[in-house]
Amino acid sequence: MFESFEELEKGIENCNKCKLCNNRNNIVIGCGNREAKVMFIGEGPGADEDAQGEPFVGKAGKLMNQALKGLGIERDEIYIANVVKCRPPMNRNPEPDEVNSCLDYLRSQVMLVKPEIIVLLGNVALKAILGNDYSITKSRGIWIEKKGIRYMPTFHPAALLRNEQLKINFWNDLKEVKKYM
C-alpha cells in the first residue's frame, strides 16, 4: 500500500503489471478532492480519458457531469477513479487479471481519500470492490455498508448512452447519495 498520493503516482507511473500497459497513451489515476466524502469508481479509461490522462472526460463523463451539476454537486467536491488505470482495447471490460493487477492501486486511493460513500459505476466496479456475489441489476440503488463505508451501486454512465431508460435510475441513485453528502 502507498502512504501518499505522490508515492501512488510514482508507483503507477511505470506500471507494467498487465498487458494494458502496452497500448496506453496515459495512465489515468484519478482526480478531484483528495479529502472527499464521496468517491466515484468506474471500470476503466476510454479513448478520451487515455488521451487526456483524466477519468470521465468523454461522452459518459459529460453525462455524469450534467447529472452531478443538476444535483448541485461540483466535480471538485468528489474524487473520481477507475478500477483499472489503463485503457482496455476497444473499450472492452477489463479482464480479471487486469483488474487484479490494479486493485492495490485502487485500495490505496480509497485509503488515502477516506471516503464515507463510494458510488460504484457499473458491474465491473461493483464486482471488483464488493465481490462476484453482486450484480448491478440486482444491487443498484441499494445501500451496502462494509467496513464503515457506504456503497451505492448504480449504472455506469456509458450504459445510459446506450439505453436512455436507465437514466431515471441513475438520477435517483445519485439523489440518494446527495442526501448523505
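Reading guide: rules and limits
Residues numbered from 1 in each chain as written. Predicted model: local features only at pLDDT ≥ 70, side-chain atom pairs only at ≥ 80, totals over all residues. Heavy atoms only, no water. Helix = DSSP H or I, 4+ residues; strand = E, 2+ residues; numbered from the N terminus. Buried < 20%, exposed > 50% of the residue type's maximum accessible area, 1.4 Å probe, protein only. Contact = heavy atoms within 4.5 Å. Pairing = 2+ DSSP bridges. Axes fitted to C-alpha atoms, helices over the stretch in contact; angles between N-to-C directions. Phe/Tyr/Trp six-rings, centres within 6.5 Å; stacked < 30°, edge-to-face > 60°. Lys NZ or Arg CZ within 6 Å of the ring centre and 35° of its normal. 1 Å grid on protein atoms, 1.4 Å probe; cavity = no way out; pocket = protein on both sides within 12 Å on 5 of 7 lines; lining within 4 Å. Points joined across faces, edges and corners; volume = space filled by probe spheres on them. Nonpolar A, V, L, I, M, F, W, Y, C, P; charged D, E, K, R; others polar. Polar contact = N/O pair within 3.5 Å; in protein donor to acceptor, adjacent residues only side chain to side chain. Core = buried A, V, L, I, M, F, W, Y, C linked by side-chain atoms within 4.5 Å.

Draft legend 1. Expanded view of the environment of Phe56. Its place among the elements puts Phe56 in the loop between helix H2 (47–52) and helix H3 (59–70). Judged by relative accessible area, Phe56 falls into the buried class, the value being 4%. With 48 residues separating them in the primary sequence, Phe56 and Asp104 have C-alpha atoms 21 Å apart. Phe56 has contacts with Gly42, Glu49, Gly61, Met64, Arg75, Ile80, Ala81, Asn82, Leu121, His156 and Pro157, leaving out every residue within four places of it along the chain.

Draft legend 2. Quick look at the sheet that holds strand E3 (residues 79–82). With mixed pairing, the six strands of this open sheet are ordered in space as E1-E3-E2-E4-E6-E5. Edge positions in the sheet fall to strand E1 (30–32) and strand E5 (144–146), since each has one partner strand and no second. Across the sheet, the axes of successive neighbouring strands diverge by a mean angle of 20°, strand direction being ignored. For strand E2 (residues 38–42) and strand E4 (residues 117–121), the ladder comprises four bridges, and the chain directions are parallel.

Draft legend 3. Local environment of the packing of aromatic side chains. Tallied over the full model, the rule gives three aromatic pairs. Each ring, one from Phe5 and one from Tyr79, has its centre 5.9 Å from the other, and the planes form 45°; the classification is tilted. With Phe5 in helix H1 (residues 5–13) and Tyr79 in strand E3, the pair connects residues that are 74 residues apart, well separated along the chain. Assigned by exposure class, Phe5 and Tyr79 land together as buried. Arg150 extends its terminal NZ or CZ atom over the ring of Trp143, reaching a point 4.4 Å from the ring centre. The ring of Tyr180 carries Arg150 above its face, with NZ or CZ at 4.3 Å from the centroid.

Draft legend 4. Inspection of empty space enclosed by the protein at higher detail. For the structure shown, the criterion picks out one cavity of 30 Å³ or more. By volume, the largest cavity amounts to about 60 Å³. For the lining of the largest cavity, a count of residues per class yields eight nonpolar, one polar and three charged.

Draft legend 5. Region of the structure containing the side chain of Arg75. Looking at where Arg75 falls in the secondary structure, it is placed in the loop between H3 and E3. Here the side chain of Arg75 touches Pro55 through a polar contact of 2.6 Å, landing on its backbone oxygen. Discounting residues that sit within four places of it in the chain, Arg75 has contacts with Cys31, Glu54, Pro55, Phe56, Val57, Asn65 and Ile80.

Draft legend 6. Molecular detail of the pairing of E2. Burial analysis of E2 places five of its five residues in the buried class, the great majority of the element. By the alternation rule, side chains of E2 split into Val38, Phe40 and Gly42 and Met39 and Ile41, which are all buried. For E2 and E3, the ladder comprises four bridges, and the chain directions are parallel. Bridge pairing in E3 places Ile41 opposite Ala81.

Draft legend 7. Region of the structure containing the nonpolar core. Membership of the largest hydrophobic core comes to 59 residues, with the highest contact counts inside it found for Phe40 and Ile41. Counting residues per element, this core draws most heavily on helix H4 (residues 96–113), at eight residues.

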